[in-house]
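Chain by chain, the residues run as shown.
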Amino acid sequence: MASDSDLKYMSGFGNEFASEDSRCPGALPEGQNNPQKCAYGLYAEQLSGTAFTAPREENQRSWLYRIRPSVLHEPFVKTERGNLTHDWDSVEPNPNQLRWHPFDIPQEKTDFVQGLSTVCGAGDPKCRSGVAVYIYVCNTSMGDKCFYSSDGDFLIVPQLGGLSITTEFGRMKVDPNEICVIQRGMRFNVAVTGDTRGYMLEVFNDHFVLPNLGPIGANGLANPRDFLTPTAWYEDRDVEQYTVISKYHGHLFSAKQKHSPFDVVAWHGNYAPYKYDLSKFMVINAVAYDHADPSIFTVLTCPSLKPGTAVADFVIFPPRWSVQEHTFRPPYYHRNCMSEFMGLIYGAYEAKEEGFRPGGASLHSLMTPHGPDAECFEKASSAELKAEKIATGTMAFMFESSYSMAVTEWGNQNKVDPNYSHCWQTLQKHFNSSWKPNGDGKQQKTFTF
Ligand code: FE2
């Protein structure tokens, strides 16, 4: 894989892109999608990301011009799926707050697909309804293997080690503090150098979109121009055996073929993978008092059919200024009608400086109470409220889903912190029935605007 600086990207979110490998100028047909004979003897193939008849503003498809059509493979046969599962009923439900220590990276050779484990999820890809959360740990490149999911779109969050991803649309280098989205059906190969770990969310329903900005206006949060889509790149490589791994109905299947699937010389369309650098997020927050809800930090959302209710949101907690007056500044105590799976890319999360570590995770399920630990509460309740930069050197994130996610057997048995609930057990009762308001009759200073 070439270095990141050698890779070429087009910027924009959901745009109609057109790209051809510079080695084959004129590979993209002009004025039509499916000529009787394509330039360079290529085959034309459409990849549909939405129903043919989806409304124009939602319609996603791309035309690929490739050396061989993707149908040229031997039949799929079922293969080992390791810890990957969508069986949400194999263990008893558990409404408790859960936290995981950093997940182990195996000693033995393990590639990206072999190192996938489902932690939690809900729903059924057969009904195109639900989500799955995975941890990946690997130390070996996939070699002559590629992977795709028929079940949903992947949002990948590297935590340790970069991913050199070859897709049918071109190549991407995705490092920690960047994310990428690889949609349903797209074949990709992951190369790594050494120990590698990260998180992955799969949504079965629909595609990720940028959240609406409402009164924020035309700019802010993740700006469309900062999303990068790879440019066309192909290899014309015949091999003894190339293995195509398909995730279908939550199982893995493999098919052999004798050539590289990354033989797309040119493509055009608006159904394409992309990556995004989280440091480019334009943070918006409360600047007078109290909190905006964490939805203000939404990078991408996969909407459900219920307006404003996400199949899953991808939310980050980036470095930012904290300036609110008269306010308990850490995240508030709450119970949510959504599931909250959190991970930490690096640094120390502001609400729990101990225990929640990079490469670990937490899950707060529907209506399960959570919030700052006792130490954080005491500190923040009496801290001097000056303007300060918070979350410096940190990037925590959340997959927030309206599905009530179940934890898998693997998730229940690996790296679970049995002492997580202890962090709240020392919360003190501060109630004082003889408390009196200040001299001005107000609990707090009157605001003057
Ligand atoms: Fe929460």
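Residues numbered from 1 in each chain as written. Predicted model: local features only at pLDDT ≥ 70, side-chain atom pairs only at ≥ 80, totals over all residues. Heavy atoms only, no water.

**Side note on the sheet that holds strand β1 (residues 9–11)**
Heads up, the rule is: Two strands qualify as a pair provided DSSP detects at least 2 bridges between them. A helix here means a DSSP run of H or I that spans at least four residues, while a strand means a run of E at least two residues long, and both kinds are numbered starting from the N terminus.
Read from one edge to the other, the open sheet built from 9 strands follows the order β1-β16-β20-β13-β10-β15-β8-β7-β28, with strand pairing classed as antiparallel. The open sheet has two edge strands, β1 and β28 (406–407), and neither has a second partner. Both strand β7 (residues 116–124) and β28 contribute to a ladder of 2 bridges, which runs antiparallel. In the sheet register, Cys120 faces β28, and the bridge partner there is Val407.

**With respect to the nonpolar core**
Selection criterion: The term nonpolar core refers to a set of buried residues drawn from Ala, Val, Leu, Ile, Met, Phe, Trp, Tyr and Cys, joined through side-chain atoms within 4.5 Å. Throughout, exposure labels follow a simple rule: accessible area from a 1.4 Å probe, protein chains only, divided by the maximum for the residue type, with under 20% read as buried, over 50% as exposed, and the rest as partly exposed. Residue ranges assigned to the domains are those given by an automatic or database domain assignment.
Ranked by size, the top nonpolar core spans 57 residues in total, and within it Leu155, Leu300, Phe314, Phe341 and Phe399 carry the most contacts. Top element by residues in this core is strand β22 (residues 310–317). It accounts for 6 residues. Of the residues that make up this core, three or more belong to each of domain 1 (4–278) and domain 2 (283–412). Listed in part, the 37 residues of the second largest apolar core include Ile156, Phe204, Ile245 and Val264.

**Some words on unusual backbone geometry**
Phi angles above zero are rare outside glycine, and Tyr40 is one such case at about 60°. We note that His249 has phi near 55°; this positive angle belongs to a residue other than glycine. By the element assignment, His249 lies in the loop between β17 (238–248) and β18 (251–259).

**As for the pattern of salt bridges**
This is how the line gets drawn: Just to be clear on terms, a salt bridge is a Lys or Arg side-chain nitrogen sitting within 4 Å of an Asp or Glu carboxyl oxygen.
The final tally for this structure, using the stated rule, is 18 salt bridges. The salt bridge partner of Asp144 is Arg237, with a shortest N-O separation of 2.9 Å. In this pair, Asp144 is assigned in the loop between β8 (129–138) and β9 (145–149) and Arg237 in the loop between β16 (227–230) and β17, connecting sequence segments 93 residues apart. Residue Asp144 is classed as partly exposed on the basis of its relative accessible area of 29%. Members of the salt-bridge network, linked through shared partners, are Glu45, Arg66, Glu168 and Asp263.

**Quick word on the pairing of strand β10 (residues 153–160)**
Counted residue by residue, β10 has 7 buried out of 8 residues, so it is predominantly covered. Pairing between β10 and strand β15 (residues 196–203): 7 bridges, direction antiparallel. Considered in β15, the bridge of Pro158 is made with Gly198. Judged from the 3 bridges that link them, β10 and strand β13 (residues 178–182) form a sheet pairing that is antiparallel. Bridged to Leu155 within β13 is Val181.

**Let's talk about the packing of aromatic side chains**
Put simply, the rule reads: Here a pair means two rings of Phe, Tyr or Trp (six-membered ring of Trp) with centres within 6.5 Å. Their orientation is stacked below 30 degrees between planes, edge-to-face above 60, and tilted elsewhere. Two limits define a charge over a ring: the Lys NZ or Arg CZ must be within 6 Å of the ring centre, and within 35 degrees of the ring normal.
Counted under the stated rule, the structure contains 27 aromatic pairs. Here the aromatic rings of Tyr199 and Phe397 are separated by 4.8 Å at their centres, their planes lie at 75°, and the arrangement is edge-to-face. In this pair, Tyr199 sits in strand β15 while Phe397 sits in strand β27 (residues 395–401), placing the two residues 198 residues apart along the sequence. Centroid distance Phe328 to Phe377: 5.3 Å. Interplanar angle 40°. Geometry classified as tilted. Of this pair, Phe328 sits in the loop between β23 (320–322) and β24 (339–346) while Phe377 sits in helix α1 (residues 374–382), placing them 49 residues apart in sequence. For Phe328, a relative accessible area of 24% translates into the label partly exposed. Grouped by ring-pair contacts, the aromatic residues Trp100, Phe103, Tyr199, Phe314, Phe341, Phe397, Phe399 and Trp410 constitute a single cluster. Just above the ring of Tyr234 sits the side chain of Arg23; from NZ or CZ to the centre is 4.1 Å.

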